[in-house]
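Now for the letters of each chain:
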Amino acid sequence: MTTATHGAPAEDTATSLPRLLPRSGQHPEDWHAHMARHGRLPYRDRPGDLILDLSAAGLTGRGGAAFPAHRKLSAVLDAADKRRRPPVVIANGAESEPASDKDATLLWLAPHLVLDGLQLAAEAVGAEAAILYTHTDRRNDVGRRLGQAIAERVAVGADRVPVQLAEAPPRFLSGQETALVSHLAGGPAIPTFMPPRITERGLAGAPTLVQNAETLAHMALIARHGPRWFRQVGTTAEPGSMLCTIRRADGTPRVAEVPLGMPLRSLIGDLGPDRAVLIGGYHGTWVPAADAMRLTLDNASLAAVGARVGAGILITPPPDRCALTETAAAVRYLALESAGQCGPCLNGLPRIAAALTEIAVGRQRRQTQADLERWAGLVTGRGACHHPDGTARFVRSALITFAAEIELHRRGRCSGTSRKAFLPIPRDSARTEEDWM
Amino acid sequence: MSEKLLVNPIECAGHGACAELLPEMIAMDEWGYPIVDGRPIPPALERDARAAVSACPTLALRLLRS
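These numbers come from a predicted model, not from an experiment. (Residues numbered from 1 in each chain as written. Chains lettered and ligands numbered in written order. Predicted model: local features only at pLDDT ≥ 70, side-chain atom pairs only at ≥ 80, totals over all residues.)

A. Layout of the overall build of chain B. Of regular secondary structure, chain B possesses two helices and four strands. Moving toward the C terminus, one meets the helices and strands of chain B in the order β-α-β-β-α-β. Taking 11 Å as the expected radius of gyration for a compact globule of 66 residues, we find that chain B reaches 11 Å, a close match to that expectation. Taken along its principal axes, the extent of the C-alpha atoms in chain B is 30 × 20 × 15 Å. Here chain B holds 66 residues, and 32% of them are scored as buried. Counted over contacts in chain B with a minimum sequence separation of 6, partners at least 24 positions apart contribute 62%. (Helix = DSSP H or I, 4+ residues; strand = E, 2+ residues; numbered from the N terminus. Rg over C-alpha atoms; globule rule 2.2 N^0.38 Å. Buried ≥ 20, exposed ≤ 12 C-beta atoms within 10 Å, placed from the backbone. Contact = placed C-beta atoms within 7 Å.)

B. Structural detail: the pairing of strand E8 (residues 276-279) of chain A. Residue and element names in this part refer to chain A. Here E8 shows a buried face lined by Ala276 and Leu278 and a second buried face lined by Val277 and Ile279. In terms of strand pairing, E8 meets strand E9 (residues 285-288) through four bridges, oriented antiparallel. Opposite Leu278, over in E9, you have Trp286 as the bridge partner. Pairing of E8 with strand E10 (residues 313-315), which is carried by two bridges, proceeds in the antiparallel orientation. The residue of E10 that forms the bridge with Ile279 is Leu314. (Pairing = 2+ DSSP bridges.)

C. Local environment of unusual backbone geometry. Following Leu17 of chain A, the chain continues to Pro18 of chain A via a peptide bond in cis, the omega torsion being 5°. Structurally, Pro18 of chain A is set in the loop between strand E1 (2-3) and helix H1 (31-38). The residue after Met194 of chain A, namely Pro195 of chain A, is reached through a cis peptide bond having omega 0°. The backbone phi angle of Ala204 of chain A is positive, close to 50°, even though this residue is not glycine. Tracing the backbone through its elements, the reader meets Ala204 of chain A in the loop between helix H7 (177-184) and strand E5 (208-212). Overall, Ala204 of chain A belongs to the partly exposed group, with 13 C-beta atoms counted inside 10 Å. Although it is not a glycine, Leu59 of chain B adopts a positive phi angle of roughly 55°. By secondary structure assignment, the location of Leu59 of chain B is in the loop between helix H2 (46-55) and strand E4 (61-65).

D. Inspection of the interface of chain A and chain B at higher detail. On the chain B side, the residues contacting the 10 residues of chain A number eight residues. Of the residues belonging to the side of chain A that touches chain B, the class tally is five nonpolar, four polar and one charged. (Nonpolar A, V, L, I, M, F, W, Y, C, P; charged D, E, K, R; others polar.)

The values are spatial; any link to function lies outside them.
This is the structure we're talking about:
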């Protein structure tokens, strides 16, 4: 494992990591450094080869859903052919999950790798426009740096498809695909209802390809080194490497590039049986440490505890914090970040958040837990987006994983001794429609 | 070809007309929003399903060919 913060130099073999992040550590790569490390992009006059190679590589989306990348490209290409309409390609760098830092880190350190992938994807589907959509408030000056990176490429004539930079509002849902399309069309960054899928009709009605920033960076490397190289790390079913954000109790969060299938133990260290790991962030799953120590970082393994790799967020709160208080704070944030468009989410999430707070502060009533279970069921699958589903999954996993702590709270006690919040929660929530723009 | 019911949860304002006209396939949750049975509509209920779709004041309910 190599980390962005330590950036230890490693041998240049196919299986060594990192592949995406520069080995020089924290120093951002400009065009020259990028070309020195990776060289030119291949097969630009045979754009169809990218889809074949992505299929052979088995690359899946690294934004959380793990959808096969080649299938998304094929769908957009087919829609464009059928409707004789040039598609639009969007690099999604808006990692709105507050606990995640991997796309921001990648865009800061290796913007050209993402822009290479954006270019290749655009050429592969015959797009005439490409957009890099990202938060610009997560890193000092990242917006300016990305603007510079795009200008560097224009100066050397690297790109055939012009790239525009677009800013995502600081909302939890702003990276959701339909919210992103709505925002780029000049509206608020709130989800819209499907069908039609955006691969059919997205931005301004054009077939639209949205790929996570990290997914595009992997594409840029698969184009250069081939699918066989990509598969030299990871598992057969889930090949390659992925960026993870790891927040351990004892230190600052760090971003690491690790192979799929890596034991969680080697990522988060040995944890005592009274601890828990949050896998996948605030739409993710709490897993007891005893289970986590036996699992590996791939969906096949995590399915055993109902968890998913997601966008690679792993959080192990310190033992002096109350997990219920932490979860209640995160769920309150999720409720406030609901776009409020769908009845079940609008009604359910605030009630779920309030009930969880009752439990956390030791004021739960006899029916509180039953209410929570029922509401979690009622909101699942009933929104235009998966915000209610993800929130319900997170809450249910807390009810199961922290059952003993809930019992303690019911008797007026709490195992937490520090009130300092550990899970990162943004302070501001949306008040008016302007906050979604 | 069978059809299924699909509700657009953004458009749905919880008027409840659909659940009144097609209680066999649409229940109301405790907040007044429809819980729609997503299985193919049995032939015997097709008329009522169409009535429910046309009765929705916000045009949130539709039939989807499957």
